[in-house]
Amino acid sequence: MKLNRIAAAAAALTIGLGAAELLAQGQGRQNTPPPDPTKPHRIEITQGTTARYKVREQLAGISFPSDAVGTTSGVTGAIVIKPDGSIDVAQSKLTVDLKSLTSDQQMRDGYIQNRTLETAKFPTMDFVPKKAVGLPSPLPAGMQAQVGFQLIGDTTLHGVTKETTWNVV
């Protein structure tokens, strides 16, 4: 019975953790040529990348709900985009360090780390993107290159894998 509750909690948290901001290597650098449209393009996750969750919470004794937001800069990995615009699933994976998630409340962080995510046993969340929606081709390049799109793929959290959608900038 406990396993079913953990799986349900993991599935619910997967959706909450689905929002992420990714910065691609090379974007924002001067003199960066546009990607060669005839070759796969590897987008490396760089320092400064963050992942976050946002959850509406209702606290006892307070008559209005509030949004709890937790963030981490412990995001690593890469996405490889093929010349036809599809994602090379075998070479693409993002990993989020769940032990480094923090919010504005240490008590909330402790509860999420120890009782919900059980980060001592499941320290990471992995996302394998399968499809990008709204990703332009060719990819933008240059000093101010930025684009918003959605990544659809498989998220593994707490030992459970579910398809999720990530909003990406």
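On a predicted model such as this, the values are computed, not experimentally measured, just so you know. (Residues numbered from 1 in each chain as written. Predicted model: local features only at pLDDT ≥ 70, side-chain atom pairs only at ≥ 80, totals over all residues. Heavy atoms only, no water.)

1. Overview of the pattern of salt bridges
Line of reasoning, step 1. By the definition in use, this model includes 6 salt bridges.
Line of reasoning, step 2. The partner of Asp126 in a salt bridge is Lys93, with the nearest N and O atoms 3.8 Å apart. In this pair, Asp126 sits in strand E7 (residues 124-133) while Lys93 sits in strand E6 (residues 93-97), placing the two residues 33 residues apart along the sequence.
Line of reasoning, step 3. We classify Lys93 as partly exposed; its relative accessible area is 40%.
Line of reasoning, step 4. Across the salt bridge formed by Asp154 and Lys130, the nearest N and O atoms sit 3.4 Å from each other. Here Asp154, found in strand E8 (residues 149-157), pairs with Lys130, found in strand E7; they are 24 residues apart in sequence, far enough to count as distant.
Line of reasoning, step 5. What makes Asp154 partly exposed here is its relative accessible area of 27%.
Line of reasoning, step 6. Taking relative accessible area as the criterion, Lys130 reaches 35% and is therefore assigned partly exposed.
Line of reasoning, step 7. Connected via shared salt-bridge partners are Lys130, Asp154 and Glu163. (Salt bridge = Lys/Arg side-chain N within 4 Å of Asp/Glu carboxyl O. Helix = DSSP H or I, 4+ residues; strand = E, 2+ residues; numbered from the N terminus. Buried < 20%, exposed > 50% of the residue type's maximum accessible area, 1.4 Å probe, protein only.)

2. A look at the packing of aromatic side chains
Line of reasoning, step 1. Following the criterion strictly, the structure yields 1 aromatic pair and no others.
Line of reasoning, step 2. Between Phe127 and Trp166 the ring centres are 4.3 Å apart and the planes differ by 20 degrees, which places this aromatic pair in the stacked class. Here Trp166 lies in strand E9 (residues 160-168) and Phe127 lies in strand E7, a separation of 39 residues in the sequence. Assigned by exposure class, Phe127 and Trp166 land together as buried. (Phe/Tyr/Trp six-rings, centres within 6.5 Å; stacked < 30°, edge-to-face > 60°.)

3. Focus on the confidence of the model for the chain
Line of reasoning, step 1. Per-residue confidence for the chain gives a mean pLDDT of 77; residues scoring 70 or more make up 72%.
Line of reasoning, step 2. In this model residues 1-30 is a low-confidence stretch, pLDDT under 50, and it forms 66 contacts with partners more than four residues away in sequence or in other chains. (pLDDT = per-residue confidence, 0-100. Contact = heavy atoms within 4.5 Å.)

4. Let's talk about the sheet that holds E8
Line of reasoning, step 1. Reading across from one edge, E2-E5-E6-E7-E8-E9 is the order of the 6 strands in this open sheet, with antiparallel pairing throughout. Since the sheet does not close on itself, it has two edges, and those belong to strand E2 (41-44) and E9, each with one partner. Taking the axes of each pair of neighbouring strands and ignoring which way they run, one obtains an average angle of 25 degrees across the sheet. (Pairing = 2+ DSSP bridges. Axes fitted to C-alpha atoms, helices over the stretch in contact; angles between N-to-C directions.)

5. So, unusual backbone geometry
Line of reasoning, step 1. Backbone geometry at Glu118 places phi at a positive 50 degrees, although glycine is not the residue there.
Line of reasoning, step 2. Mapped onto the elements of the fold, Glu118 is located in the loop between helix H2 (106-116) and E7.
Line of reasoning, step 3. We classify Glu118 as buried; its relative accessible area is 17%.
Line of reasoning, step 4. One non-glycine residue, His158, adopts positive backbone phi at about 60 degrees.

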